[in-house]
Amino acid sequence: MRLVHVLCAALLAATPLGAQESSSLQSLDTLEASKNWQGVGRLNIGKTGFCTGTLIAPDLVLTAAHCLFDTASGQRAEDTSIEFLAGWQGGRASAYRGVRQTVVHDSYQHRSGDEEQRVGADIALLQLDQPIRHPSIKPFKTGPRVGRGHQLKVVSYARNRANAPSLQDTCHVLAKDQGVYVTSCAVDFGSSGAPVFIEEDGRAVISSIVSAKAEWDARPVSITVGVDGPLADLMGQLSTRATAAPSGGKKIVFQSGRQPSGARFVKP
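*Asks:* Whenever I open this one, the overall build of the protein confuses me. Can you help?
*Replies:* When helices and strands are counted, the protein shows four helices and 14 strands. Within the span of the protein, comprising 268 residues, buried residues form 55% of the whole. Considering only residue pairs separated by 6 or more positions, the protein has 72% of its internal contacts joining residues 24 or more positions apart.

This is the structure in structure tokens:
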């Protein structure tokens, strides 16, 4: 639990959460509203689970690693049980694709009791069985790390809003450490893997993905993982056809020493 303990301690010591204003969620439930976000889609995993994923190349989807594991058993989902529904809205998708193979970051350990290591490597890449080449479905670029106070926006599916994506067009980085961020972006179950965007030259660029939601004194925050660095590792795994099974390894170290109690993780 140290991740939220450490980062929220630094946050609350400086600025109350209430001082950071964030916009409400906007449902992208029409083609006009969602036209710029067709590369974001719902990931159906098995018969009942779903997460959010984002197209970053015609045949590559970025999401959270924990989405690929059954919550109860800890077993990894079969690649063939996963389907990407690009621009899913009102019971229809702009494109439907199966998954050829998946890779998770080689530092990710699903059953690890070390929350900071698990969350800090909670990123996965899915190769689709066929590329998506459609003029209205454009892959998103990924960008560099961002700093505290940076303005963000997030597009996600979630519980009670699983049939259309929602946009929060103004939220903020509240604290960060080693490429992991506490943000004011609103997330819920199903939001895992959702893209968190910054704006560069008038374009939305993915800076991180949603890993977990957390509470601090009953105030919701979200934990996101920066894509700069981890994504290059995943691309390397994919290109060398390395095993997709998590193998442990590197330790993510957070630099702050304070570890107050009271925060808890909830996987969205």
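Now that the structure has been shown, the text picks up again.
*Asks:* How should I be thinking about the nonpolar core in this particular structure?
*Replies:* A general feature of soluble globular proteins is that nonpolar side chains tend to end up buried together. Membership of the largest hydrophobic core comes to 48 residues, with the highest contact counts inside it found for L62, F84, L125, I132 and I206. Contact partners of I132, with chain neighbours within four places excluded, come to L55, P58, F84, A86, A95, R97 and I137. Residues V146, Y181, C185 and V205 belong to the second largest nonpolar core, which totals 13 residues.

*Asks:* Whenever I open this one, the pairing of strand β9 (residues 161–177) confuses me. Can you help?
*Replies:* Side-chain positions along a regular strand alternate between the two faces of the sheet. Across the 17 residues that make up β9, a large majority, 13, are buried. As paired strands, strand β8 (residues 151–158) and β9 are joined by six bridges and run antiparallel to one another. Residue pairing across strands places Q151 opposite H172, the latter belonging to β9. As defined by bridge partners, β9 adjoins strand β10 (residues 180–183) across four bridges and the pair is classed as antiparallel. Looking at β10, one finds that D177 is bridged to V180. Between β9 and β10, which follow one another and run antiparallel, lie two residues, and Q178 among them has a positive phi close to 55°.

*Asks:* Any chance you could explain the state of the cysteines here in plain terms?
*Replies:* By definition, a disulfide links the sulfur atoms of two cysteines through a covalent bond. By the definition in use, this model includes two disulfides. Between the sulfur atoms of C51 and its disulfide partner C67 the distance amounts to 2.1 Å. Negative torsions about the S-S bond denote left-handed disulfides, and the value of about -100° found for C51 with C67 makes this one left-handed. You can see C51 sitting in strand β3 (residues 49–57) and its partner C67 sitting in the loop between β4 (60–63) and β5 (82–86), a full 16 residues away along the chain. Two residues, C171 and C185, share a disulfide whose sulfurs are 2.1 Å apart. Here C171 and C185 share a disulfide; its torsion about the S-S bond, 70°, makes the bridge right-handed. Taken as a pair, C171 in strand β9 and C185 in the loop between β10 and β11 (195–200) lie far apart in primary sequence, 14 residues in all. Of the residues examined, C171 reaches a relative accessible area of 0% and is grouped as buried.

The rules we used
Residues numbered from 1 in each chain as written. Predicted model: local features only at pLDDT ≥ 70, side-chain atom pairs only at ≥ 80, totals over all residues. Heavy atoms only, no water. Helix = DSSP H or I, 4+ residues; strand = E, 2+ residues; numbered from the N terminus. Buried < 20%, exposed > 50% of the residue type's maximum accessible area, 1.4 Å probe, protein only. Contact = heavy atoms within 4.5 Å. Core = buried A, V, L, I, M, F, W, Y, C linked by side-chain atoms within 4.5 Å. Pairing = 2+ DSSP bridges. Disulfide = S-S within 2.5 Å.

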